[in-house]
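Here is what each chain is made of, one letter per residue.
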Amino acid sequence: MPDSPAGIDQERLWSRLSELSKIGKSEGAGVTRLSFTREERAAKDLVASYMREAGLEVREDAIGNLIGRREGRDRDAPIVLAGSHVDSVRNGGDFDGPLGVLGAVEALHTMSERELETERPLEVVAFTDEEGARFSSGMIGSRALAGTLKPEDLQAKDRDGVSIAEAMRACGLDPERIGEAARAAGSVHSYVELHIEQGGILESRALPVGIVTGIAGPAWLRLTLTGEAAHAGTTPMGLRRDALAAAAAVMGRIEREAMRTGTSVGTVGQLELSPGGINIVPGHVSFSLDLRDIDEDIRNDVEARIMHEAMLLCEKRGVSLGTKTLQRLPPAPCSKLVQEAARAACREQGFEPFELASGAGHDGMHLTELCPIGMIFVRSKRGISHNPAEYSSKEDCAAGAAVLYRTLLGLAREI
Ligand code: HGY
Ligand code: MN
Ligand code: MN
């Protein structure tokens with residue numbers, strides 16, 4: 001087993017990452033592996049083969065989470081869980097999700113090769129639909145494992161009007177049985193996720209890895225503005241009820257209010273308008289709003305200000321405003337237990353235990369009621385993510401996996 005300084009097999013990890021990144025990648029574009037599609041299926045099949053190579057017992061649960069288990073001396077002890085996701089955003093990068101799944105497989109593979117024994121069993125999970133890219137909801141696999149996913153959550157529909165429940169059935173899963181994926185209280189000792197930072201802090205500090213202190217809470221909304229379609233040539237500016245002009249003014253307020261706090265971020269990622277003629281004043285617009293902050297009160301205050309100003313703006317323009325909440329998550333603190341285990345692992349591997357918050361959302365946010373959670377970040381080149389240019393070096397990926405390996409041994413209590 002060719003050993004990298006980090007203590008795990010970096011060549012094996014890197015070749016697995018590059019193999020997995022080919023699934024769902026189109027010529028000259030990024031990775032698109034949406035949930036309950038053949039691309040996600042192929043990705044889970046490939047990861048399952050790596051789990052078997054690592055000597056893990058492989059299964060899928062009722063929501064399609066892929067799970068690889070390594071027994072501990074006490075088979076009934078609460079497990080240490082590690083993992084991430086293999087679904088992606090549209091036209092995404094190679095590392096967001098796969099690094100956490102394959103890094104965890106590599107850690108357990110190395111334990112098997114070294115014939116290490118732990119007190120607790122360990123499991124690796126590739127969660128179903130973390131990104132929510134297809135159904136605009138997200139993290140359904142971790143919610144099911146936490147026992148918080150409700151049948152009505154499966155009614156969210158994709159762009160073709162297919163619901164999550166229908167997509168599950170098409171993959172041979174029974175939406176009525178999602179309750180079976182839930183883990184019993186006390187059955188999980190801790191959860192650790194290795195993930196790319198997707199921001200530029202580690203790079204700015206020239207550090208390969210970091211320890212996450214908390215995860216910002218996202219609020220996802222959809223705003224709909226209804227004015228009146230009209231002739232672009234004959235309708236004077238003062239008599240228009242232009243839904244797109246109103247939406248543009250609201251978007252300016254979103255940017256201003258989010259920037260004002262210095263910690264919040266507000267993004268409009270999706271926009272639809274109709275009727276869409278070059279010579280027609282748009283009568284209808286709908287757009288998404290992704291609002292985040294590590295402090296929930298600040299986020300809620302920014303949201304309230306935006307909505308208040310949007311209402312006034314639309315009223316003045318004779319445009320009606322509708323809002324729908326798609327998801328709303330509180331920020332999630334990372335536990336001292338896992339942070340401490342990761343800090344000790346960093347020191348053992350010779351890395352500075354640098355701490356930072358996560359602006360991106362992650363599955364661990366749904367597990368905080370079930371068990372203590374924590375995350376280890378790996379440096380992202382130029383902080384770019386959700387983009388084909390997303391990149392972390394072979395050495396940094398190995399460094400992150402090595403810190404994860406030592407963290408898991410600490411939490412699972414190496415014998
Ligand atoms: O949206 C997020 O923060 C994550 O990439 N799902
Ligand atoms: Mn992502
Ligand atoms: Mn991710």
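Note that the coordinates shown come from a computational prediction; the quantities given were computed from them, not determined experimentally.

K.L.:
What's the story with the coordination of the manganese ion (ligand 3) in this structure? I'm lost.
P.N.:
Under ideal tetrahedral coordination, the four donors around a metal are separated by 109.5 degrees; under ideal octahedral coordination, the six donors are separated by 90 or 180 degrees. Coordination sphere of the manganese ion (ligand 3), protein contribution only: H85 (NE2), D96 (OD) and H195 (NE2), at 2.1 to 2.3 Å. Each donor residue of the manganese ion (ligand 3) belongs to the same chain, with the gaps between them written as H-x10-D-x98-H. In this model, the manganese ion (ligand 3) sits 3.5 Å from the manganese ion (ligand 2), the two metals being bridged by D96. Of this pair, D96 sits in the loop between β3 (79-85) and α3 (98-113) while H195 sits in strand β5 (residues 188-196), placing them 99 residues apart in sequence. When sorted by exposure, D96 lands in the same class as H195, which is buried.

K.L.:
Is there a simple way to think about the site of ligand 1 in this case?
P.N.:
In the neighbourhood of ligand 1, the contacting residues comprise E130, E131, W220, R292, A360, G361 and H386. E130 is positioned with one of its side-chain polar atoms (N or O) 2.9 Å from a nitrogen atom of ligand 1. R292 places a side-chain nitrogen or oxygen 2.6 Å from an oxygen atom of ligand 1. Here ligand 1 has 210 Å² of accessible area as a free molecule, and 94% of this is covered by the chains. When grouped by side-chain class, the residues that make up the shell around ligand 1 number 2 nonpolar, 2 polar and 3 charged.

K.L.:
I tried to follow the coordination of the manganese ion (ligand 2) on my own but got confused; where do I start?
P.N.:
The coordination sphere of the manganese ion (ligand 2) contains the protein donors D96 (OD), E131 (OE), E131 (OE) and H386 (NE2), at a distance range of 2.1 to 2.8 Å. Site description for the manganese ion (ligand 2): donor spacing in sequence, D-x34-E-x254-H.

K.L.:
When you look at the UniProt feature "binding site: Zn(2+) 1" (unreviewed entry) in the protein in this model, what are you seeing that I'm missing?
P.N.:
In the UniProt entry, the feature "binding site: Zn(2+) 1" (unreviewed entry) is given for H85, D96 and H195. Separation in sequence by 111 residues is not matched in space for these annotated residues, since their most distant C-alpha atoms are only 9.8 Å apart. Exposure remark for D96: the relative accessible area of 7% places this residue in the buried category. A polar atom in the side chain of D96 sits 3.0 Å from the side chain of Q198. According to the relative accessible area criterion, H195 is buried, its value standing at 1%. Residues contacting H195, with those up to four places away along its chain left out, are S84, H85, D96, G97, L99, H362, M375, I376, F377 and V378.

K.L.:
In this structure, what is going on with the packing of aromatic side chains? I would like to understand it.
P.N.:
The description of an aromatic ring pair rests on the distance of the ring centres and on the angle between the ring planes. Following the criterion strictly, the structure yields 4 aromatic pairs and no others. Plain terms: the ring middles of W14 and F95 are 5.9 Å apart, the flat faces sit at 35° to each other, and that makes the pair tilted. A residue pair is termed long-range when its members are at least 10 positions apart, and W14 in helix α1 (residues 10-21) and F95 in the loop between β3 and α3 qualify at 81 residues. Judged by relative accessible area, F95 falls into the buried class, the value being 5%. An aromatic cluster of three or more residues is present, and its members are W14, F95 and Y391.

K.L.:
Before we go on, may I ask you to explain helix α9 (residues 336-348) in this structure?
P.N.:
In an α-helix, one turn spans 3.6 residues; hence positions three or four apart end up facing the same way. For α9, spanning 13 residues, the distance from its first C-alpha to its last is 18 Å, which sits close to the expected 18 Å at 1.5 Å a residue. Those residues of α9 lying buried are V338, Q339, A341, A342, R343, A345 and C346.

K.L.:
How should the nonpolar core be read in this particular structure?
P.N.:
Soluble globular proteins: nonpolar side chains tend toward being buried together. In terms of nonpolar packing, the biggest core is built from 53 residues, with V47, L108, M111 and L408 touching the most fellow members. A total of 12 residues in this core trace back to one element, the largest contributor, which is helix α10 (residues 394-412). Among residues more than four places away in sequence, those in contact with M111 are R70, L116, L122, Y405, L408 and L409. Of all hydrophobic cores here, the second largest spans 26 residues; its members include L145, C334, F354 and L367.

K.L.:
Which parts of the structure should I look at to understand the state of the cysteines?
P.N.:
Disulfide: a covalent bond connecting the sulfur atoms of a pair of cysteines. Considering all chains together, one arrives at 0 disulfides under this definition. C334 provides the cysteine sulfur closest to C371, a residue in no disulfide bond, and the two sulfurs are 11 Å apart. For the unlinked cysteine C397, the closest cysteine sulfur is that of C346, found at 15 Å. Judged by its relative accessible area of 1%, C397 falls in the buried class.

K.L.:
Help me out: how do you make sense of the side chain of T235 in this one?
P.N.:
Note that T235 resides in the loop between β8 (230-231) and α7 (243-261). At a separation of 2.6 Å, a polar atom in the side chain of T235 contacts the main-chain carbonyl oxygen of H231. Excluding residues within four positions of it along the chain, T235 makes contact with A230 and R240.

K.L.:
I tried to follow the packing of α1 against α3 on my own but got confused; where do I start?
P.N.:
Axis angle and axis distance: for two packed helices, these are the angle between their axes and the distance between the axes, and together they describe the pair. Where α1 contacts α3, the two axes come as close as 10 Å, and the packing angle between them is 145°. Crossing of α1 over α3 shows right-handed handedness. For the pair formed by α1 and α3, the contact residues are R12, L13, R16, L17 and L20 on the first element and P98, L99, L102, G103, V105, E106, H109, T110 and E113 on the second.

K.L.:
Where do I start with the domain arrangement of the protein in this structure?
P.N.:
Bring the parts together and some accessible area is lost; that lost area is often taken as the interface size. Per the domain assignment, the segments making up the protein are domain 1 (5-216 + 331-412) and domain 2 (217-328). The C-alpha centroid of domain 2 is placed 34 Å from the C-alpha centroid of domain 1. Listed per partner, the contact involves 12 residues of domain 1 and 12 residues of domain 2. For the domain 1 and domain 2 pair, buried surface summed over both sides reaches about 870 Å², with 57% attributable to carbon and sulfur atoms. There are 0 salt bridges connecting domain 1 and domain 2. Put simply, domain 1 and domain 2 have 1 residue pair in polar contact (both at pLDDT 80 or more) between them. Partitioning the side of domain 1 that touches domain 2 into residue classes produces 6 nonpolar, 5 polar and 1 charged.

Calculation notes
Residues numbered from 1 in each chain as written. Chains lettered and ligands numbered in written order. Predicted model: local features only at pLDDT ≥ 70, side-chain atom pairs only at ≥ 80, totals over all residues. Heavy atoms only, no water. Donors = N, O, S within 2.8 Å, 3.2 Å for Na, K, Ca; no water. Helix = DSSP H or I, 4+ residues; strand = E, 2+ residues; numbered from the N terminus. Buried < 20%, exposed > 50% of the residue type's maximum accessible area, 1.4 Å probe, protein only. Near = heavy atom within 4 Å. Polar contact = N/O pair within 3.5 Å; in protein donor to acceptor, adjacent residues only side chain to side chain. Areas by Shrake-Rupley, 256 points an atom, 1.4 Å probe, with all protein chains shown as cover. Nonpolar A, V, L, I, M, F, W, Y, C, P; charged D, E, K, R; others polar. UniProt positions renumbered as here; feature names shortened; annotations may be inferred. Contact = heavy atoms within 4.5 Å. Phe/Tyr/Trp six-rings, centres within 6.5 Å; stacked < 30°, edge-to-face > 60°. Expected span 1.5 Å × (residues − 1). Core = buried A, V, L, I, M, F, W, Y, C linked by side-chain atoms within 4.5 Å. Disulfide = S-S within 2.5 Å. Axes fitted to C-alpha atoms, helices over the stretch in contact; angles between N-to-C directions. Left-handed = near helix turned anticlockwise from the far one by under 90°. Domains from an automatic or database assignment. Buried area = accessible area lost by both parts, 1.4 Å probe. Salt bridge = Lys/Arg side-chain N within 4 Å of Asp/Glu carboxyl O.

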